[in-house]
Amino acid sequence: MSKPKIAIACQGGGSQTAFTAGVLKAFFDNNIHHEKQIVGLTGTSGGALNAALAWYGLLKTAKGDTTPIGKRIADFWEDLKAQHPLELFLDQAATDALRKVSAGTLPMFEISPSNPWMQWMQSTLAKFLPRERFTNFKGLLEDHIGFNQIESLLKPDSPVLLIGAANVKQGNLKIFCSKNGEFTVEAILASACIPNIFPAVQVGEHYYWDGLFSANPPVDELIQYRFVGKDNIPEEIWIILINPITCETVPTQPNEIVDRRNQMIGNVSVLQDLETLAIFERVLEKKGFSEDVMKEYGYSLDKWVKIRFVHMSREVQDSLDYPSKLSREPGLIHKLMEDGERQGQKLLAGLSEPAHTVEKALQELRKER
């Protein structure tokens, strides 16, 4: 008997995606990959990082590797967090300064990350840090993902990985697709490239910024043949959200406005994807599309996809602000991962309940709080 096909989509949100790491750890520690067929993973920014770690773990497991996938994800975040006194000091100082800027009590001084003086200062600072990997994100990724092994690990039935980024010059969405041989360390760096912190990442002839501006995370692509192939169309998509969809009060203070604006920008693309799928869903119910037309545009009509969400607990969400998305403070990382594990367990415990139609899922999102 075939296993139910699922895909997992991971929203971006900087360090707050430690929550996603906890969710994925809960999934894999409970052997969800043995009970379900994971046909696709997508992610943007920090979500792309987590999706890539999980995807790589699935490929290694399929080849007989015994390292638990959840451990792979947790080990990466253990290395990513600030550890030594100087790292902790720099993290705290940067986060405090950003909070003061957000609150309007400290002026903002912008310097281009491409500025030679800025690059010299960053490289000089790195020499005084106990760990070279604290500032070398590319090296840290390469420590945990064997990019040179990917081709040998892929099989015809391997899940697909999709990573969202934004093409700076053309202004359009870019989906780096493992099926097309586009999974590289540069793809993750491009997806996580915050424009005022990192120079645009060059991949081939193009330059990319954070996928926050285009697909956060890619959802619609998970049911299109051209991205995932005919055998990898999921029956359900599990979406791990970082940003709350709703809020209780209208922000009035500068820091509150910064927080809410960032949340809303981060949610635009996922809401648009779901709205598009909901329109398709309604038209399909009325037999408004022929099968030939849908297939021409790369969509499957076999089974229309259902949706499940994973949200942070309200208590944890309310304790966060925008600056925390850039912090690697251990207590924050642990708090987010622990909440992620709890919420991941909660989804697994509710699998006996049917997943939502896309339209119902949107309705539930808007009643989130």
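Below you will find a few notes about this structure. A quick note: this is a predicted structure, and the numbers were derived from the prediction, not measured. Note on numbering: residues in each chain are counted from 1, in written sequence order. In keeping with the predicted nature of the model, local features appear solely for residues at pLDDT of at least 70, side-chain atom pairs appear and are counted solely at 80 or more, and the whole-chain, interface and lining totals rest on all residues. Hydrogens are left out, water is left out, and the side-chain values use all remaining heavy atoms of the structure.

Some words on the overall build of the chain
To keep it simple, the criterion reads: Runs of E in the DSSP output that reach at least two residues are strands. Runs of H or I that reach at least four are helices, and both are numbered from the N terminus. For this measure, only C-alpha atoms enter the radius of gyration; the expected value for a globule follows 2.2 Å times N^0.38, where N is the number of residues. A 1.4 Å probe rolled over the protein chains alone gives each residue an accessible area, and that area as a share of the maximum for its type sets the label: buried under 20%, exposed over 50%, partly exposed in between. For this analysis, residues touch if any pair of their heavy atoms sits within 4.5 Å. In this description, accessible areas are obtained by the Shrake-Rupley approach with a 1.4 Å probe, and a residue is regarded as covered only by the protein chains that are shown.
Along the chain, the regular secondary structure elements total 15 helices and eight strands. At 20 Å, the chain has a C-alpha radius of gyration in line with the 21 Å of a compact globule built from 369 residues. Dimensions of the chain, computed from the C-alpha atoms along their principal axes, are close to 60 × 50 × 40 Å. The buried share of the chain, reckoned over its 369 residues, is 51%. Taking as baseline every contact in the chain between residues at least 6 positions apart, the subset at least 24 positions apart corresponds to 78%. Roughly 17700 Å² of accessible area belongs to the chain as shown, and the carbon and sulfur atoms make up 54% of that amount.

So, the environment of Ala278
Relative to the assigned elements, Ala278 resides in helix H11 (residues 254-285). On the basis of relative accessible area, Ala278 is assigned to the buried category, the value being 0%. In this structure, Ala278 is in contact with Val358, Glu359 and Leu362, ignoring residues within four places of it in sequence.

With respect to the nonpolar core
Note on soluble globular proteins: their nonpolar side chains tend to be buried together. Under the convention used in this document: Working definition of a nonpolar core: buried Ala, Val, Leu, Ile, Met, Phe, Trp, Tyr and Cys residues. They are joined through side-chain atoms within 4.5 Å.
Counting residues in hydrophobic clusters, the biggest one holds 61 residues, and the most contacted among them are Phe27, Trp77 and Phe183. With 10 residues, helix H3 (residues 46-62) is the single largest residue contributor to this core. Val219, Trp304, Val358 and Ala361 belong to the second-largest nonpolar core, a separate cluster that totals 35 residues.

Remarks on the pattern of salt bridges
Inclusion rule: The salt bridge definition used is simple: a Lys or Arg side-chain nitrogen within 4 Å of an Asp or Glu carboxyl oxygen.
A full pass over the atoms with the stated rule returns 18 salt bridges. A salt bridge links Glu182 to Lys174; the nearest nitrogen and oxygen atoms lie 2.8 Å apart. Across the salt bridge formed by Asp318 and Arg314, the nearest N and O atoms sit 3.7 Å from each other. With Asp318 and Arg314 both in helix H13 (residues 314-318), this residue pair falls four residues apart, about one helical turn.

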